[in-house]
Amino acid sequence: MLVCVCVGGILFELLLVYTLPNPDLCSAGTASTTGKPILLNNIPDAEAFISGAEVAVIGFFQDPQSPEAEQFRLAAGQLPEVPFGLSSSAAVLSHYGAAENTVALFRTVDSDRRDLDMNNREVDAKDLTRFVRTNELRLVTEYNPVTAIGVMQSSLQFNLLLITDKMSPKHPERMRKFRAAAELYKGKFCSPVPGEDTQLLLFSLATVAFHWCERWICIYSLQDAKEPYISDHRANNILFILLDSNLKSNERVLSYFQLKKSQLPALAIFHTPDDEHEVLTVGDISTERVQDFCNRFLQRMPKKEDKSEEKPLNEEL
């Protein structure tokens, strides 16, 4: 079933069907070798399980032999590259505030969690598979009609798109460099460390479409700079997206950014709250070029926000 949704001036087509996994985007070491859920008997095991993967799924079942748990196992077998865990520990359920017969998907890319309640309606393995495919976001997420829902509901304000031809022989190398750039912007919760050599970028996460909530994180900058890029200590984490120019459903996105296939590959960064965006056509992709493109855009945004904040104050005076 196709559903059309307009966000930020772009018309997206959402296809609510199951698709095969994309090996380009799966990180090494997160695939299940057996297709069976890992038993999580205590809170430390559950925390380590979640932190060890870009996307992790846990089924909370007081009765591990229930019909719901059996459907969960079947779904785990159908998605061997996604880590599935199962817990019947009362302490684990309480720690995560999970009701019995709840399946939770945890994403490290935006520190988000999505729950599926299996109590109120019949949920089979096919439904569980669709739930995971719809909501999984990775360090680099391929945009398509299935992942569109998760992309638009992400808690990250900035989307950085690599728009390219996946059939190109240069695609694997472009993906390697794009993913390396994404690693540089992966947020890690930490406290500032005093000292002249401290190089920090402060990132504020805010919701994309429907919710607003702000929290602060920082990552160590790999640039040789004495000062943070953002003078008022605000920046934003970025959702890295791969967009295949061969997909007909992506033609509208190319049109929105006024791009032709002859101009690809290209980078496009998009600030979802106000539709501010910038496009860079590049002969080839490099990690340094991606990083420079992101940093220049992030530098400009706080200044724009400061001006918009000053205007209401002037009107009141």
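Criteria and cut-off values
- Residues numbered from 1 in each chain as written.
- Predicted model: local features only at pLDDT ≥ 70, side-chain atom pairs only at ≥ 80, totals over all residues.
- Heavy atoms only, no water.
- Pairing = 2+ DSSP bridges.
- Helix = DSSP H or I, 4+ residues; strand = E, 2+ residues; numbered from the N terminus.
- Axes fitted to C-alpha atoms, helices over the stretch in contact; angles between N-to-C directions.
- Buried < 20%, exposed > 50% of the residue type's maximum accessible area, 1.4 Å probe, protein only.
- Parallel < 35°, antiparallel > 145°, perpendicular 65-115°, else oblique.
- Left-handed = near helix turned anticlockwise from the far one by under 90°.
- Contact = heavy atoms within 4.5 Å.
- Nonpolar A, V, L, I, M, F, W, Y, C, P; charged D, E, K, R; others polar.
- Polar contact = N/O pair within 3.5 Å; in protein donor to acceptor, adjacent residues only side chain to side chain.

**Examining the sheet that holds strand β8 (residues 140–143)**
For step 1, the next point in the chain: Read from one edge of the open sheet, five strands run β8-β12-β9-β13-β14, paired in mixed fashion. Only two strands of the sheet have a single partner each, and these edge strands are β8 and β14 (276–281). Averaged over neighbouring strand pairs, the angle between their axes works out to 25° when direction is ignored.
For step 2, the next point in the chain: Taken together, the seven bridges between strand β9 (residues 158–164) and strand β12 (residues 238–244) define a ladder with parallel strand orientation. Bridging across to β12, N159 finds its partner in L239.

**Side note on the pairing of β9**
For step 1, the next point in the chain: Most of β9 is tucked away: seven of the seven residues are buried.
For step 2, the next point in the chain: Relative to strand β13 (residues 266–271), β9 runs antiparallel, the two being bridged by six bridges. Considered in β13, the bridge of F158 is made with H271.

**Regarding the packing of helix α2 (residues 67–78) against helix α4 (residues 125–135)**
For step 1, the next point in the chain: Running from amino to carboxyl end, α2 crosses α4 at an angle of 55°, the nearest separation of the two axes being 8 Å. Comparing the axis directions of α2 and α4 gives the class oblique. Regarding α2 and α4, the two cross each other, and that crossing is right-handed. Facing Q71, F72, L74, A75 and Q78 of α2, the residues of α4 in contact are A125, L128 and T129.
For step 2, the next point in the chain: For the contact of α2 with α4, a count of residues per class yields five nonpolar, three polar and no charged.

**Remarks on the environment of E142**
For step 1, the next point in the chain: Structurally, E142 is set in strand β8.
For step 2, the next point in the chain: Given the relative accessible area of 8%, E142 is considered buried.
For step 3, the next point in the chain: Considering only alpha carbons, one finds E142 and L242, 100 residues apart in sequence, at a separation of 4.5 Å.
For step 4, the next point in the chain: Here the side chain of E142 touches K166 through a polar contact of 3.1 Å, side chain to side chain.

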